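The residues making up each chain are set out below.
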Amino acid sequence: MIALMLAIALFAALALAYGQASGLAWFASTTAWLAVTWLTGTLPLPWITGLAIVGALVALPLLVLPLRRRLVSAPLLAGFRKVLPPMSQTERDALEAGTVSWDGELFSGRPAWQRLLAIERTRLTPEEQHFLDHEVETLCAMVSDWETTNVYKDLPPQVWQYIKDNGFLGMIIPKAYGGLGFSAYAHSQVITKLSTRSGTVAVTVLVPNSLGPGELLLHYGTDEQKRRHLPRLARGLEIPCFALTNPQAGSDAAAIPDWGVVCWGEHEGRRSLGLKLTWDKRYITLGPVATLLGLAFRAWDPEHLVGERDDLGITCALIPTTHPGVNIGRRHMPLNAVFQNGPNWGRDVFIPMDWVIGGQPMLGRGWRMLMECLAAGRGISLPSSNTGMAKLAVRTTGAYARVRTQFKTPIGRFEGIEEALTRMGGNLYLMDAARMLTATIVDQGEKPAVLSGIAKLHITERNRQVINDAMDIAGGKGICMGPSNFLGAAYMQMPVSITVEGANILTRSLIVFGQGAIRCHPYVLHEMAATRAPDTGKAVRLFDAALFGHLRFGLSNIARTLVMGLTGSNFVRVPANVAPETKRYYQQLTRFSAALAFLADISMGTLGGALKRKEKLSARLGDVLSLLYLCSATLWRYEQDGRKPEDAPLMHWAIWDAMFKAQNAIEGVISNFPNRAIAAVMWRVVFPLGRPYEVPSDQLGHDVAKILLEPSAARERLAGGMFIGDPDQPVGLLERALCLTVEAEPLERRLRDAQRDGRIDAQLAPGEDGSRLAERAVAAGVITPAEAALLGAQRELVARVVRVDDFAQDLGTSLLEQDRAGFGRPPITAPAPANLAQRREVANEGFR
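Scope of this entry: the structure provided in the associated data block.

Reading guide: rules and limits
- Residues numbered from 1 in each chain as written.
- Predicted model: local features only at pLDDT ≥ 70, side-chain atom pairs only at ≥ 80, totals over all residues.
- Heavy atoms only, no water.
- Helix = DSSP H or I, 4+ residues; strand = E, 2+ residues; numbered from the N terminus.
- Buried < 20%, exposed > 50% of the residue type's maximum accessible area, 1.4 Å probe, protein only.
- Contact = heavy atoms within 4.5 Å.
- Areas by Shrake-Rupley, 256 points an atom, 1.4 Å probe, with all protein chains shown as cover.
- Lys, Arg positive; Asp, Glu negative; His and termini not counted.
- Charge placed at Lys NZ, Arg CZ, Asp CG, Glu CD.
- Phe/Tyr/Trp six-rings, centres within 6.5 Å; stacked < 30°, edge-to-face > 60°.
- Axes fitted to C-alpha atoms, helices over the stretch in contact; angles between N-to-C directions.
- Parallel < 35°, antiparallel > 145°, perpendicular 65-115°, else oblique.
- Left-handed = near helix turned anticlockwise from the far one by under 90°.
- Pairing = 2+ DSSP bridges.
- Arc of directions from axis to C-beta.
- Patch = residues over 30% accessible without salt bridge, like charges linked within 9 Å, V, L, I, M, F, W, Y side chains within 5 Å.
- Salt bridge = Lys/Arg side-chain N within 4 Å of Asp/Glu carboxyl O.
- Polar contact = N/O pair within 3.5 Å; in protein donor to acceptor, adjacent residues only side chain to side chain.
- Expected span 1.5 Å × (residues − 1).

## Describing the overall build of the chain
Within the chain one finds 34 helices and 9 strands. Viewed in the frame of its principal axes, the chain has a C-alpha envelope of about 105 × 90 × 45 Å. The buried share of the chain, reckoned over its 848 residues, is 55%. Residue pairs at least 24 apart in sequence account for 76% of intrachain contacts in the chain once pairs closer than 6 positions are excluded. Split by element, the accessible area of the chain, about 35600 Å² in all, is 59% carbon and sulfur. The distance from the centre of the 88 positive side-chain charges to the centre of the 81 negative ones in the chain is 6 Å.

Written out as structure tokens, the structure reads:
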């Protein structure tokens, strides 16, 4: 009987914790349990009386609110204030910047999946679609990475002019100021398509539309600054750049030593209040050709001309590059990419106060401005450019693996190659899903600081794997540079994306969980805010509400994690309108969401401020959050695309791969948790019956690889939205070769059968090739003359595909010098407005 009553007590406690029951519900349940034990005679009356007294003593100060605040919350608040690590204003700005959206649901332990499914993917307007189909298509046709890198060392002048004239530099600027006023999703689609053609043109376009003067002016500029600068930026009359990185402050951007001193000076012949600036910047994209320099520096006011503080904080200003004292124009060369990037500097350069973005009231507000703009921009630019590169790699490599044969077999049919193709296809499906969901969230008015960091980190990392896999498959074709190489430029430039806008190591180990645990957690930020409240009474009230909400939240996630582990999460409710084949994924993701919340609370509660220094632990917790988001995006995309059965292998592989990695990250947290006794409890709660996920199956991988190897609607959706170009250029050539190869393969099998049956002689004399065999097959009636012609055309195309470029002994330097001087090359001109086919032909003629 005692065992039964204890089991009832345990079950009741789990149920109360699972449902985040109130303190009153706990008290009533405990009272009822004691009454039952007395009525059944399970325990002696003195024991029951003693338990009741103890329970009352515990419940009274917890249930009576004024008593709880005075006896419990106030002392705990005082202790919390002592142990809470000090936080600088820049750290506070970074934590509070942006908004929380779906990441908050993932941290809640019980994601509201209907909220995710209710997000409608942004649809392109007719104007945006026309721009993609015409202006972007034309721009792609005007450039090639080989020419920009080896002939011009820059975009050709006519390409620069086309970019300016057609509004590419003002996509995010509203139409009221002369910009295109595109949505974040349209902006993302443009960058993705450009990146399938040329990294140089993509970076040139993405930078002015990401973190920079345009974005900062839109949100923080004065009306006069907007009227002065935005129309000129939109029309390309100004080329902007933004200078943040100092040689002494890279990842630790908040520590920039560049300074500006508030003082009186002379500007345009008048005495003006302003700042005298000294700076040294590097890695500034578009810097060498910029006409308008956005500059971040720390403002000082030693004479207290604008306030009482000496250190005003980080500030942003806009400076014409023609202003006296501005040194600009020299270039870096980032991994053989020739987008404009370089250093700039100045010493004791006076600027008037109205050049500060937002004017004098925004002195010292620059870090908050940068963090809020980065919260949105970082989720668009690099995720889009890297998804574009991955689309190019997947489409071309899949085609190459089908047309390239070894041992009389397409190399894509070998399991080793198939394994790499599987990773490429599954990763791209997930990457594009995360890109589209993040852009759509931005279009809904959010500034998703954590989600944009996740998108940047994981899309660039997965693109690195995609490009590496593609290079492994292409082999010699991939490593020999030249106009026909479709992978080399992406392979060389890939590390740039890993490094910029928050290096991936830093983002993973310090930012995703460090920021996510505070911003996305439903109570931690409120607890921290309570410690800063100057009014003691208000601070206690705020802290009390957050603390006891946090306790219920924590108990709930312990119970939910354990119960879902014991039941395999089979009883978790999910929306009835999800695809049946995905129901289990929603249930397992809910289980992992609860596990993440549980692990995060235990880690923060036991390690406190030391967790900030446990970067490996923090990184693994961040991985769990990131992978839950990537899985959410994958399921969201599958629904948005209409649950296409042909796409299901891509969706299944992406989910299995991400969940297996999330499971490994959870195990990594527990296995390396400093307190081994707590770690043992964590393991039993999270994995009471073992690990639920394994690596994706080989059969599933085969189904994914098959999509890459043949033309289909699924392949078009996977690698769609990219530039194909002229049929004789690398991508177009591969597409033609793939289609002919698929047509030719049944004919090849017929020839092999005829050879085996002795109907045609398979022996070829020296100097004879497959065309001779086809002639014999025609003579024997095995194939028709038209089929023989198809085989010949296919062999010719494949021979062109597998051929690599070669050059003179000087690697063509003399010819390149001639080209640069304009000898022997017709100029590439921007085509006049006409139909798409004509524009392509004019641009391609210039390329030829």
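Let us keep going from here.
## Examining the packing of aromatic side chains
One pair of aromatic rings is described through two measures. These are the centre distance and the angle between the planes. For the structure on display, the rule yields 14 aromatic pairs. With a centroid separation of 5.1 Å and 80° between ring planes, the pair formed by Trp113 and Tyr586 is classed as edge-to-face. Within this pair, whereas Trp113 is found in helix 7 (residues 113-117), its partner Tyr586 is found in helix 24 (residues 583-607), the two being separated by 473 residues in sequence. Assessed through its relative accessible area of 3%, Trp113 is described here as buried. Given a relative accessible area of 0%, Tyr586 falls into the buried group.

## Observations concerning the packing of helix 11 (residues 184-195) against helix 16 (residues 381-403)
The packing of two helices is summarised by the inter-axis angle and the distance between the axes. Following both chains from N to C, one finds helix 11 and helix 16 inclined at 40°, their axes separated by 7 Å at the closest point. When the axis of helix 11 is compared with that of helix 16, the two are oblique. Relative to helix 16, helix 11 is oriented so that their crossing is right-handed. Along its contact with helix 11, which presents Ser188, Ile191, Thr192 and Ser195, the element helix 16 presents Ser381, Ser384, Ser385, Thr387, Gly388, Met389 and Lys391.

## Section: the pairing of strand 7 (residues 341-352)
Each regular strand shows side chains that alternate between the opposite faces of the sheet. For strand 7, the buried fraction is high: 9 of the 12 residues fall into the buried class. Direction of pairing for strand 3 (residues 270-285) relative to strand 7: antiparallel, over a ladder of 9 bridges. Each bridged residue has a counterpart across the sheet, and for Gly274 the counterpart in strand 7 is Pro352. The sheet contact formed by strand 6 (residues 327-328) and strand 7 spans 2 bridges and is antiparallel. Looking across to strand 7, one finds that Ile328 is bridged to Asn344.

## A look at the side chain of Gln515
Considering the arrangement of structural elements, one finds Gln515 in helix 21 (residues 504-519). Take Gln515: its relative accessible area is 12%, and that puts it in the buried class. Residues within four places of Gln515 in sequence aside, it is in contact with Ala94, Leu95, Ala449, Val450, Leu510 and Cys520.

## Here's the deal with the pairing of strand 4 (residues 292-300)
Among the 9 residues of strand 4, 8 are classified as buried, and the element is accordingly described as predominantly covered. Pairing of strand 2 (residues 259-267) with strand 4 involves 3 bridges; the strand directions are parallel. Each bridged residue has a counterpart across the sheet, and for Val261 the counterpart in strand 4 is Trp300. Of the pairings in the sheet, the one linking strand 4 to strand 5 (residues 311-320) comprises 9 bridges and is antiparallel in character. Note on strand 5: the bridge partner recorded for Leu295 is Ala317.

## Some details on helix 28 (residues 698-708)
Three or four residues apart is the spacing at which side chains of an α-helix point the same way, because the helix has 3.6 residues per turn. Buried residues of helix 28: Leu700, Gly701, Val704, Ala705, Ile707 and Leu708, and no others. Buried residues of helix 28 fall within an arc of 150° about the axis and therefore sit on the same side. Helix 28 presents Asp698 and Gln699 as exposed residues on the side facing more than 90 degrees away from its buried surface. The inward-facing, buried residues of helix 28 abut helix 16, helix 17 (415-443), helix 26 (648-671) and helix 29 (713-718).

## Things to note about a nonpolar patch on the surface
Together, Leu24, Phe27, Val54, Val58, Leu60, Leu62, Leu63 and Val64 give the surface a local cluster of nonpolar side chains, amounting to about 670 Å² of exposed area. Those elements giving two or more residues to the nonpolar patch turn out to be helix 2 (23-39) and helix 3 (45-63). Here the nonpolar patch takes 5 residues from helix 3, the largest share from any one element. As for its position among the elements, Leu62 is in helix 3.

## Points about the side chain of Ser381
Its location among the elements puts Ser381 in helix 16. When its relative accessible area of 0% is taken as the criterion, Ser381 is described as buried. Side chain to side chain, Ser381 and Glu501 meet in a polar contact 3.4 Å long. Those residues in contact with Ser381 that sit more than four places away from it in its chain are Ile191, Leu206, Ser210 and Glu501.

## What to know about helix 15 (residues 366-377)
Its 12 residues place the ends of helix 15 16 Å apart at the C-alpha level, agreeing with the 16 Å of an ideal helix rising 1.5 Å per residue. Counting buried positions along helix 15 yields 11 of 12 residues, so the element is predominantly enclosed. Among all positions of helix 15, only Gly366, Trp367, Met369, Leu370, Met371, Glu372, Cys373, Leu374, Ala375, Ala376 and Gly377 are buried.

## Digging into the pattern of salt bridges
Enumeration over the complete set of coordinates arrives at 36 salt bridges. Measuring nitrogen to oxygen at the nearest pair gives 3.3 Å for the salt bridge that ties Arg298 to Asp311. Here Asp311 lies in strand 5 and Arg298 lies in strand 4, a separation of 13 residues in the sequence. We note a salt bridge from Glu775 to Arg772, for which the minimum N-O separation is 3.1 Å. With Glu775 and Arg772 both in helix 31 (residues 770-779) and 3 residues apart, this pair spans about one turn of that helix. Salt bridges sharing common partners tie together Arg395, Arg715, Glu716 and Glu735.

Such coordinate-based values are descriptive only and should not be taken to indicate function.
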